[in-house]
Amino acid sequence: MSNALFDLAGRTALVTGSTRGLGHSFAEGLAEAGAAIVLNGRDPASVSAAAAALRDKGHSVYEAAFDVTDEAGVEAAFGALDAQGIAIDILVNNAGIQLRKPIVDLSLAEWQKVIDTNLTSAFLVGRETARRMIARGQGGKIVNIGSLTSDLARATVAPYTAAKGGIKLLTKAMTAEWAEQGITVNAIGPGYMITEMTQPLVDTPSFDNWVKQRTPARRWGRPADLVGTVVYLASPASDFVNGQIIYVDGGIMAVL
Ligand code: GCO
């Protein structure tokens, strides 16, 4: 990349949940901007397959299979990175799941699983990352993945909404504690994007029509629509931007 403001050469980026979906697209976009990538998912075979796909495109990729909701597993994974001399300059807290059910039908276990995967994971992985960034004294970049539901609700996705609202404020809380160490922490709020997670919605004609009507751009987003923003938030171009959530949504948050 020619513009130094957006150049990630020499940096290493961990993207959680990056074997597919938005996470994989974030990983590829950061790699194209020059970063070495640490790919993550729970299943080692899926991580290896996704890593091979990126290596085939000429990118430098490490593999880190661990469960982002498991404190001991996260700590062990960072210990293994330390042992290999891999230091994280950029973290994208992307791992997430969806579960669509009315609140009155939701079990505590279901609620907890969605909160753990979408919110607690960002605390656990963010904590391990920031501990090391602070110790190294070279700052760093953390990008948390929020949602339209970081600010607005939709029926049937209450735990996801609570978690993504939490992501928005966790982003500010991390900024409050880590900005002084040269760490920026920002969030991206994707609009309705076509991924494996939203495919059931894309396949529901009434929902598909609603998204196209509700979104001023009159279309679903594509994972590639988010790449410029993640590169920006991971690069020196955003060094004085901190604690923000940037909606990349075709204008949906701007209108009634
Ligand atoms: C849903 C979707 C959400 C949205 C996304 C919008 O059920 O509403 O699965 O994940 O697509 O969060 O920002």
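The coordinates are above.
Keep in mind that this is a model prediction, so the values were computed, not measured.

1. Structural notes on the site of the ligand
Around the ligand, a shell composed of 13 residues is seen, among which Arg 100, Ser 147, Leu 148, Arg 154 and Pro 190 lie nearest. Leu 148 places a polar main-chain atom, nitrogen or oxygen, 2.9 Å from an oxygen atom of the ligand. For the ligand, the accessible surface in isolation is 340 Å², of which the surrounding protein chains cover 97%. Cavity membership is defined here by more than half of the atoms lying within 2 Å of grid points; on that basis the ligand lies in the largest pocket. Tallied by class, residues from the shell around the ligand come to seven nonpolar, four polar and two charged.

2. A look at helix H8 (residues 227–234)
Most of H8 sits inside the fold, with six of its eight residues counted as buried. Where H8 is concerned, the buried positions are Val 227, Thr 229, Val 230, Val 231, Leu 233 and Ala 234.

3. A closer look at the packing of aromatic side chains
Under the defined criterion, the tally for this structure stands at five aromatic pairs. Ring plane angle 80 degrees and centroid distance 5.8 Å describe the contact between Tyr 192 and Trp 210, whose orientation is recorded as edge-to-face. Within this pair, whereas Tyr 192 is found in the loop between strand S6 (183–190) and helix H6 (199–202), its partner Trp 210 is found in helix H7 (residues 205–214), the two being separated by 18 residues in sequence. Taking relative accessible area as the criterion, Tyr 192 reaches 15% and is therefore assigned buried.

4. Re the packing of helix H4 (residues 108–136) against helix H5 (residues 158–178)
It is the contact of H4 with H5, at a shortest axis distance of 8 Å, that shows an interaxial angle of 15 degrees. Relative to H5, the element H4 is oriented roughly parallel. Here H4 runs over H5; the crossing is right-handed. Note on element contacts: H5 touches H4 through Ala 158, Pro 159, Tyr 160, Ala 162, Ala 163, Lys 164, Gly 166, Ile 167, Leu 170, Met 174 and Trp 178, opposite Trp 111, Val 114, Ile 115, Asn 118, Leu 119, Ala 122, Phe 123, Gly 126, Arg 127, Ala 130 and Ile 134.

5. A short note on the side chain of Thr 175
Within the secondary structure, Thr 175 is located in helix H5. Within the local environment of Thr 175, its side chain forms a polar contact with the side chain of Asn 242, the two groups lying 3.0 Å apart. From its side chain, Thr 175 meets the backbone nitrogen of Gly 243 in a polar contact 3.1 Å long. Not counting chain neighbours up to four residues away, the residues in contact with Thr 175 comprise Val 185, Asn 242 and Gly 243.

Calculation notes
Residues numbered from 1 in each chain as written. Predicted model: local features only at pLDDT ≥ 70, side-chain atom pairs only at ≥ 80, totals over all residues. Heavy atoms only, no water. Near = heavy atom within 4 Å. Polar contact = N/O pair within 3.5 Å; in protein donor to acceptor, adjacent residues only side chain to side chain. Areas by Shrake-Rupley, 256 points an atom, 1.4 Å probe, with all protein chains shown as cover. 1 Å grid on protein atoms, 1.4 Å probe; cavity = no way out; pocket = protein on both sides within 12 Å on 5 of 7 lines; lining within 4 Å. Sits in = over half its atoms within 2 Å of the grid points. Nonpolar A, V, L, I, M, F, W, Y, C, P; charged D, E, K, R; others polar. Buried < 20%, exposed > 50% of the residue type's maximum accessible area, 1.4 Å probe, protein only. Helix = DSSP H or I, 4+ residues; strand = E, 2+ residues; numbered from the N terminus. Phe/Tyr/Trp six-rings, centres within 6.5 Å; stacked < 30°, edge-to-face > 60°. Axes fitted to C-alpha atoms, helices over the stretch in contact; angles between N-to-C directions. Parallel < 35°, antiparallel > 145°, perpendicular 65-115°, else oblique. Left-handed = near helix turned anticlockwise from the far one by under 90°. Contact = heavy atoms within 4.5 Å.

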